[in-house]
Amino acid sequence: MKLVFQNLEYFRNKTAIIDCRGKYSYAALNNRSEGIAEYLLKTGTQKGDRIAFLISPEFDFVATLFAIWKLGAIAVPLCTIHPVDELQYAIDDSQSKMVVHGEEFLGQAVQLKAPRIVSILDIESAKLNTQHLKLIPQDPSLILYTSGTTGKPKGVLHTHQSLNATIQALVDSWHWSVEDHILHVLPLHHTHGLVNKLLCAISVGATCEFLIKFDARAVWNRFSEGKMTLFMAVPTIYSKLIAFWENETEGRQIELSKGCKNLRLMVSGSAALPLSVLNKWEKITGHRLLERYGMTEIGMAISNSYNGERRAGFIGTPLPGVRVRIADEIGDIIETENLQGEIQIKGAAVFKEYWNKLQETTESFTKDGWFKTGDSAVLLNDYYKILGRNSVDIIKSGGYKISALEVESKLLDHPEIDECAVFGIVDEEWGEIVASAVVSSFNVQLSTLQDWAKNKIAPYKIPRRLIVLNELPRNVLGKVTKDAIKKLF
Ligand code: MLC
Ligand code: AMP
């Protein structure tokens, strides 16, 4: 099995990456990744070491990722909008030996602690002597941090083989080819941006064009140029694109809509796609969005059809190589359609373990080896439909997964907050937004809380709504009843 970074020379003259600085061929990508690998090797990197990197979505991000993989080391891509505390947590938890950073992150880099911290600009290109490096598909490749129900984020460890399983399933099911050109607007420390968009593109010799940050006008402009064949995003992005289109003049709307004609596929995932967005997007662009379902731990699992039915409100049928079942509250398998239960997954794309968390890993699987997603669904006429999540402590906002418990523990550091409860409330644009109820003898205000939280909490985790209560409602066991508080909003 050829791994994604082992095929670069095969496509050597094709354009691999376009970023804000220019265009780079597959040969240039291979050379740069060898240069970075040589530096990592000289500075003592060994197989299995973790290397963290804080680089914007651009050519050097991809070259660094492949350099790490060429040495059999484990890549830990960091979130470019996380405050220093959250970056440090990922570096410490993964026991990374080195942090490689882009020049724009120097401010963060000087505050970080790691055995070695290096700017990507200080790494010169050189030829790598790779002969003696042995890599097998079962070797660990990547740690992605994900929020869970237990507070602090967990490192999801994938192997080359598990990543490859998702890549192969998507390449086959969505007909990826060397002719494809994808517009990339998502962060690269999550599965959606990293695997579904970047790695699928590179695996087939396609072109991946990065926007450094999502911007509705820039996306519409790129569509209008007519070169893109593929687009993938979270539902919030489609909402924002629709809002932009609606604010344009009629003439301009016609032009923008026309620009989408050359695309062959537009995909939505990472959160539920509202029917209003599906319908408006189809009306505006003529594209019926293909909705699919996945998770950091399982890669992509379920998808609507490329050529066949894309059923509104449903996530589709299992992707090749993925086994799906639904289990009830006591773990019994539900065989009949239309009965709600938890989605459980088996297959080659499932992760290896939570990094250094044996107990959490064991608890996340059933005794017979199925991963318990925590998502609730039904099967109806062969298509799966997501109905919600088992835990009120997980929030999905704009495609980001947020742990309510993690936010609560940070808010409790605020000097004016005595008690707090954090939860998601439904929002048309963001799917959910973070809300909090607090007990505060000082009657804390939302704006002062938000100012205080900046630089302490990632921006998308900061509460957007606040209610001050005399006490938090609790059930007979003393547990805060978040569903009761939600009704107050
Ligand atoms: C930004 N903001 C958010 C937010 N993103 N608030 C809540 N939730 C979010 N997701 C806030 C900012 O803090 C800021 O607040 C204001 O919104 C505008 O910020 P912005 O940076 O200009 O927003 P924008 O660039 O429009 O970002 C929106 C977005 C981004 C949708 C592009 O959130 C995003 O990239 N989401 C994708 C996440 C993702 O890739 N998930 C995949 C996980 S993998 P203020 O107060 O300062 O104005 C996975 C598996 C699978 O789920 O199945 O794919
Ligand atoms: P993450 O843990 O960030 O990888 O997010 C994975 C979660 O996103 C899943 O467990 C689901 O809750 C949610 N998700 C992904 N795709 C969809 C979808 N199409 N519909 C509803 N929820 C989704």
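Residues numbered from 1 in each chain as written. Chains lettered and ligands numbered in written order. Predicted model: local features only at pLDDT ≥ 70, side-chain atom pairs only at ≥ 80, totals over all residues. Heavy atoms only, no water.

**Student:** Help me out: how do you make sense of the sheet that holds strand E10 (residues 207-210) in this one?
**Tutor:** As a general point, the strands of a sheet are linked pairwise by backbone hydrogen bonds and lie either parallel or antiparallel. Pairing is mixed in the open sheet, where nine strands are placed in the order E2-E1-E10-E9-E11-E12-E13-E14-E15. Among the strands making up the open sheet, the edge pair consists of strand E2 (22-25) and strand E15 (317-318). Of the strand pairs in this sheet, strand E12 (residues 265-268) and strand E13 (residues 290-295) are connected by two bridges, and their pairing is parallel. Considered in E13, the bridge of serine 268 is made with glutamate 291. (Pairing = 2+ DSSP bridges. Helix = DSSP H or I, 4+ residues; strand = E, 2+ residues; numbered from the N terminus.)

**Student:** Looking at this structure, how should I read the domain arrangement of the protein chain?
**Tutor:** For interface size, the figure often reported is the accessible area lost on association. Its domain assignment divides the protein chain into domain 1 (207-389) and domain 2 (394-486). Here domain 1 and domain 2 have C-alpha centroids that lie 27 Å from each other. Contacts between the two partners involve nine residues from domain 1 and, on the opposite side, 10 residues from domain 2. For the pair domain 1 and domain 2, the summed buried surface comes to about 790 Å²; carbon and sulfur atoms form 46% of the total. (Domains from an automatic or database assignment. Contact = heavy atoms within 4.5 Å. Buried area = accessible area lost by both parts, 1.4 Å probe.)

**Student:** Which parts of the structure should I look at to understand empty space enclosed by the protein?
**Tutor:** Over the atoms rolls a probe the size of a water molecule, and its path tells where empty space is left. Evaluated as defined, the whole model comprises four cavities of 30 Å³ or more. Only helix H3 (84-93), strand E7 (140-146) and strand E22 (400-403) provide two or more residues apiece to the lining of the largest cavity. Among the elements that line the lining of the largest cavity, the one with the most residues is H3, at four residues. Among the residues forming the lining of the largest cavity, the class breakdown is 10 nonpolar, five polar and three charged. (1 Å grid on protein atoms, 1.4 Å probe; cavity = no way out; pocket = protein on both sides within 12 Å on 5 of 7 lines; lining within 4 Å. Points joined across faces, edges and corners; volume = space filled by probe spheres on them. Nonpolar A, V, L, I, M, F, W, Y, C, P; charged D, E, K, R; others polar.)

**Student:** Help me out: how do you make sense of the packing of aromatic side chains in this one?
**Tutor:** Aromatic rings in a pair are described by how distant their centres are and how their planes are angled relative to each other. Applying the stated criterion to the full structure yields 19 aromatic pairs. Relative to tryptophan 281, the ring of tryptophan 220 lies with its centre 5.6 Å away and its plane at 35°, an arrangement referred to as tilted. Within this pair, whereas tryptophan 220 is found in helix H7 (residues 216-225), its partner tryptophan 281 is found in helix H10 (residues 275-285), the two being separated by 61 residues in sequence. Assessed through its relative accessible area of 0%, tryptophan 220 is described here as buried. Taken together, the aromatic side chains of Trp220, Phe223, Phe231, Tyr238 and Trp281 make up a single cluster linked through ring pairs. (Phe/Tyr/Trp six-rings, centres within 6.5 Å; stacked < 30°, edge-to-face > 60°. Buried < 20%, exposed > 50% of the residue type's maximum accessible area, 1.4 Å probe, protein only.)

**Student:** Honestly, the site of ligand 2 in this entry has me stumped. Any pointers?
**Tutor:** Around ligand 2 lies a shell of 14 residues, among which Glu291, Arg292, Thr296, Asp375 and Lys396 are the nearest. A distance of 2.5 Å separates an oxygen atom of ligand 2 from a polar side-chain atom of aspartate 375. When residues in the shell around ligand 2 are grouped by element, the largest group, five residues, is from E13. Here the shell around ligand 2 is composed, by residue class, of five nonpolar, four polar and five charged. (Near = heavy atom within 4 Å. Polar contact = N/O pair within 3.5 Å; in protein donor to acceptor, adjacent residues only side chain to side chain.)

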